[in-house]
Amino acid sequence: MVVVLGGGVGGLSAAYYLIKNGKQNVVLSEASNYLGGWVKSIKNEKTGVLFEVGPRTIRPSGIQGINTLALIEDLNLNDKVKAIKSSHPAAKNRFIYIDKKLYALPTSIKGILRKTPPFSKALIFNFIKEIFTPAKICEDDSIYNFVERRFGKELADYIVSAMICGICAGDSKEISVKFLFSTFFEAEQKYGSVLKGMYKTGFFRNKSTEQKIESTNLSNKAKQERWSVWMLDGGLQTLPDALTSHVKEKGAEVMLNSPCTHLKFGNNEVSCKVGNKELHTDHVISSLPANTLAPLLREQHRILADELASINFVTVGVVNLVFNGNVLKLDGFGFLVPPSQELPILGVIFDSCCYSLNNDKTTLTVMMGGKWFNKYFGSNPKEEFLLTTAISQVKGILDINQKPEAHNVVILRDCIPQYVIGHYKRIDRIFNYIKDNRLPLSLSGSSYHGVGLNDVILSSRKAVNNFLKITSS
Ligand SMILES: Cc1cc2nc3c(=O)[nH]c(=O)nc-3n(C[C@H](O)[C@H](O)[C@H](O)COP(=O)(O)OP(=O)(O)OC[C@H]3O[C@@H](n4cnc5c(N)ncnc54)[C@H](O)[C@@H]3O)c2cc1C
């Protein structure tokens with residue numbers, strides 16, 4: 001028997017890969033009565049509009065993207081995929097909110113060659129200066145420091161800080177440069193300059209690392225048609241729903257309302273307290289958030305528990321709003337707000353532009369809080385407070401004076417891990433501890449090697465492959 005902990009996309013995909021590789025007797029334990037974790041799509045009864053509570057778009061590129069599309073194909077979900085091609089306004093137009101104004105981010109070479117507000121000069125000068133800026137040799141650094149040092153304060157303040165809010169709701173002054181820019185950081189460390197390093201390593205000539213994983217019809221189509229991101233008809237929840245049906249059909253036992261509360265490692269066996277049962281298994285794959293796994297094994301493995309517990313998570317408030325008619329004056333994916341603007345929102349997604357719905361409704365999602373949740377909302381705010389804040393921000397920034405026809409408010413507690421400076425060293429120590437102590441435990445999920453759905457699914461595939469390699473040798 002193999003026990004998988006957690007019924008988010010990480011746990012469900014671990015169960016899927018176990019079964020795909022011929023493993024029988026797979027048991028999945030989920031604490032709540034819902035499978036999918038943070039992935040949740042709600043159809044608003046009043047308006048018929050779909051609200052995404054958590055993730056909504058997935059990137060098709062890179063080995064992670066290709067791997068997810070292979071999963072989609074295997075689950076027969078091809079017909080449900082809705083691609084946003086790179087020519088679509090939602091792919092081309094992304095905005096940032098600076099000093100009470102919305103600015104389109106430069107997306108073309110032209111945009112880099114000429115001065116485009118809010119930047120004080122053409123960005124090309126920042127790139128030229130980068131070549132002559134001395135390197136700072138260090139093991140790790142914050143992504144903010146790195147970009148400020150190499151490309152200037154404006155790029156760090158306006159673009160990178162906003163991007164980090166959009167990707168992990170975090171503070172770019174704390175997040176490791178390796179989270180997004182490990183290749184660029186390595187180039188600085190080795191060649192003294194990002195651009196010089198990229199030139200010398202052939203980065204500009206040979207961009208593709210995508211061949212390391214098998215491509216499929218769907219990933220080839222994504223490449224040919226130049227998809228920027230994709231979504232699923234009926235919402236992203238279609239994915240965990242399909243994974244659940246698949247693994248159940250193939251014989252996995254899925255236990256809802258069954259939190260794992262204790263793990264005890266013995267000789268070639270683990271006993272897991274799951275709900276009111278004691279399961280004895282050869283191996284555990286944990287897709288729990290690292291800080292949730294920590295207390296389960298603290299009794300026997302304090303050092304490991306301390307490392308897991310020190311990965312911090314932030315809380316995000318999500319407010320979905322729907323307005324009657326087309327009330328947006330801009331077409332695009334949405335806008336992000338850098339923390340320097342001191343606003344309680346991280347950004348707003350223009351869902352109705354992405355979904356290309358008819359023009360009789362405008363749907364927006366306001367993301368709030370993250371690293372600054374307590375600063376703006378306190379530790380236990382009422383949902384009403386988030387709703388009124390979201391409506392007033394949308395009114396002020398997008399000039400929408402109408403009352404929303406419908407809304408949905410959720411507070412996603414501790415939902416996104418923060419890969420702060422030193423994160424990757426910590427992850428090495430965690431994985432080495434498990435290996436050195438030969439624990440029958442594998443880790444997957446968003447706490448370790450990437451916070452997006454693609455990363456999570458690939459982490460489960462790798463966890464299963466490593467486990468099968470060890471057991472077959
Ligand atoms: C607001 C938001 C927007 C996002 N947008 C995007 C996006 O657009 N694109 C993208 O790619 N990614 C996005 N992400 C990231 C993506 O949602 C996550 O990477 C992914 O959902 C994490 O999956 P997981 O299985 O690792 O963890 P989770 O979803 O956290 O699943 C863990 C599961 O474990 C269960 N559990 C907890 N404790 C126990 C226990 N003791 N025993 C058993 N079960 C337990 C939980 O109930 C949960 O079901 C977003 C995330 C958030 C929060």
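Computed from a predicted structure; not experimentally measured.

Participant: Could you clarify how one ought to interpret the domain arrangement of the protein chain in this entry?
Facilitator: Many descriptions give the size of an interface as the accessible area lost when the pieces come together. According to the domain assignment, the protein chain consists of domain 1 (2-37 + 236-311 + 422-472), domain 2 (105-200) and domain 3 (313-417). If you average the C-alpha positions of domain 1 and of domain 3, the two centres end up 33 Å apart.

Participant: I keep staring at the packing of aromatic side chains and nothing clicks. Help me out?
Facilitator: Aromatic ring pairs are reported here in terms of the distance separating the ring centres and the angle at which the planes meet. Counted by the stated rule, this structure contains 12 aromatic pairs. Taken together, a centroid distance of 5.5 Å and an interplanar angle of 70° make the contact between Phe 377 and Phe 385 edge-to-face. Residue Phe 377 is classed as buried on the basis of its relative accessible area, which comes to 6%. Note on Phe 385: relative accessible area 39%, which makes it partly exposed. Aromatic rings pair up to connect Tyr 97, Phe 335 and Phe 350 into one cluster. One cation-aromatic arrangement involves Lys 40 over Tyr 34; the distance from NZ or CZ to the ring centre is 4.5 Å.

Participant: How do you make sense of helix α16 (residues 383-398) when you look at a structure like this?
Facilitator: In an α-helix, one full turn covers 3.6 residues, which means residues spaced three or four apart are oriented alike. With 16 residues, α16 should cover 22 Å at 1.5 Å per step; its first-to-last C-alpha distance of 22 Å lies within 8% of that length. If you check which residues of α16 are buried, you get Leu 386, Leu 387, Thr 389, Ala 390, Gln 393, Val 394, Ile 397 and Leu 398. In a view along the axis of α16, the buried residues occupy a sector of 165°, so they form one face of it. Opposite the packed face of α16, turned more than 90 degrees from it, sit the exposed residues Glu 384 and Gly 396. Among the residues trailing α16, Asp 399 stands out with phi positive, at a value near 60°.

Participant: Before we go on, may I ask you to explain the pattern of salt bridges in this structure?
Facilitator: Any two side chains of opposite charge can pair, so long as their charged atoms come close to each other. By the definition in use, this model includes 17 salt bridges. For Asp 157, the salt bridge goes to Lys 153, with nearest N and O atoms at 2.9 Å. Of this pair, Asp 157 and Lys 153 are both found in helix α7 (residues 153-168), four residues apart, which corresponds to roughly one turn of the helix. Take Asp 157: its relative accessible area is 15%, and that puts it in the buried class. Here Glu 307 and Arg 426 are joined by a salt bridge, their closest N and O atoms 3.3 Å apart. Here the residue Glu 307 occupies a position in helix α13 (residues 302-309), and Arg 426 occupies one in helix α17 (residues 423-436), the gap between them amounting to 119 residues. Each member of the pair, Glu 307 as well as Arg 426, is classed as buried. Via salt bridges that share partners, Glu 130, Lys 136, Asp 141, Arg 149, Arg 150 and Glu 188 belong to a single interconnected network.

How each quantity is defined
Residues numbered from 1 in each chain as written. Predicted model: local features only at pLDDT ≥ 70, side-chain atom pairs only at ≥ 80, totals over all residues. Heavy atoms only, no water. Domains from an automatic or database assignment. Phe/Tyr/Trp six-rings, centres within 6.5 Å; stacked < 30°, edge-to-face > 60°. Buried < 20%, exposed > 50% of the residue type's maximum accessible area, 1.4 Å probe, protein only. Lys NZ or Arg CZ within 6 Å of the ring centre and 35° of its normal. Helix = DSSP H or I, 4+ residues; strand = E, 2+ residues; numbered from the N terminus. Expected span 1.5 Å × (residues − 1). Arc of directions from axis to C-beta. Salt bridge = Lys/Arg side-chain N within 4 Å of Asp/Glu carboxyl O.

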